[in-house]
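Survey of secondary and tertiary structure
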Amino acid sequence: MPRCEICSNEVSKVYKCKSCGAKFCENCGDVDKLICEDCLAFEEELTSTEGIEFEEGEGG
Ligand SMILES: [Zn+2]
Ligand SMILES: [Zn+2]
């Protein structure tokens with residue numbers, strides 16, 4: 001069985017991080033985006049400057 005490079009556990013399936021190339025299990029990152037949790041923390045920092053929304057809820 002393949003081994004996750006993040007948690008070092010043997011798992012049925014690993015995914016390859018497109019950012020750093022590490023093989024990670026589904027518990028150790030975003031398998032849809034193919035980003036390991038190490039790189040996820042980094043990506044969130046990059047994207048956190050955007051996405052500020054103001055709620056417009058007059059009336060109602
Ligand atoms: Zn893992
Ligand atoms: Zn990574």
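Worth saying up front: this structure is predicted, and the values here are computed from it rather than measured. (Residues numbered from 1 in each chain as written. Chains lettered and ligands numbered in written order. Predicted model: local features only at pLDDT ≥ 70, side-chain atom pairs only at ≥ 80, totals over all residues.)

1. Describing the overall build of the chain
Regarding its fold elements, the chain presents one helix and four strands. Helices and strands appear in the chain in the N-to-C order β-β-β-β-α. Taking the contacts inside the chain whose residues are at least 6 apart along the sequence as the reference set, 7% of them involve residues at least 24 apart. (Helix = DSSP H or I, 4+ residues; strand = E, 2+ residues; numbered from the N terminus. Contact = placed C-beta atoms within 7 Å.)

2. Digging into the nonpolar core
Formed by Cys4, Val14, Tyr15, Cys17, Phe24, Cys25, Cys28, Ile35, Cys36 and Cys39, the largest nonpolar core amounts to 10 residues. Once residues within four sequence positions are removed from consideration, cysteine 36 is found in contact with Ile6, Cys17, Cys20, Ala22, Phe24, Cys28 and Gly29. (Core = buried A, V, L, I, M, F, W, Y, C linked by C-beta atoms within 7 Å. Buried ≥ 20, exposed ≤ 12 C-beta atoms within 10 Å, placed from the backbone.)

3. Structural notes on the environment of leucine 40
Its location among the elements puts leucine 40 in helix α1 (residues 37-47). Overall, leucine 40 belongs to the partly exposed group, with 17 C-beta atoms counted inside 10 Å. Ignoring any residue separated from it by four or fewer positions in sequence, one finds leucine 40 in contact with Gly29, Asp30 and Ile35.

4. Notes on the confidence of the model for the chain
On average, residues of the chain score 87 in pLDDT, and 83% of them are at 70 or above. Model confidence for the chain, summarised as mean pLDDT per element, is weakest for α1 at 82 and strongest for strand β1 (residues 15-16) at 98. (pLDDT = per-residue confidence, 0-100.)

5. Here's the deal with unusual backbone geometry
The phi dihedral of serine 8 is positive, around 65 degrees, even though this residue is not glycine. Among the structural elements, serine 8 can be located in the segment before β1.

6. A short note on the environment of tyrosine 15
Note on placement: tyrosine 15 falls in strand β1. Spatially, the C-alpha atom of tyrosine 15 lies 8.6 Å from that of isoleucine 35, the residues being 20 residues apart in sequence. In this structure tyrosine 15 touches Phe24, Val31 and Leu34, once residues within four positions along its chain are discounted.

7. Quick look at the environment of methionine 1
By secondary structure assignment, the location of methionine 1 is in the segment before β1. Methionine 1 sits 13 residues away from valine 14 along the chain, and the two C-alpha atoms are 9.4 Å apart. When near neighbours in sequence (up to four residues on either side) are disregarded, methionine 1 contacts Glu10, Val11 and Ser12.

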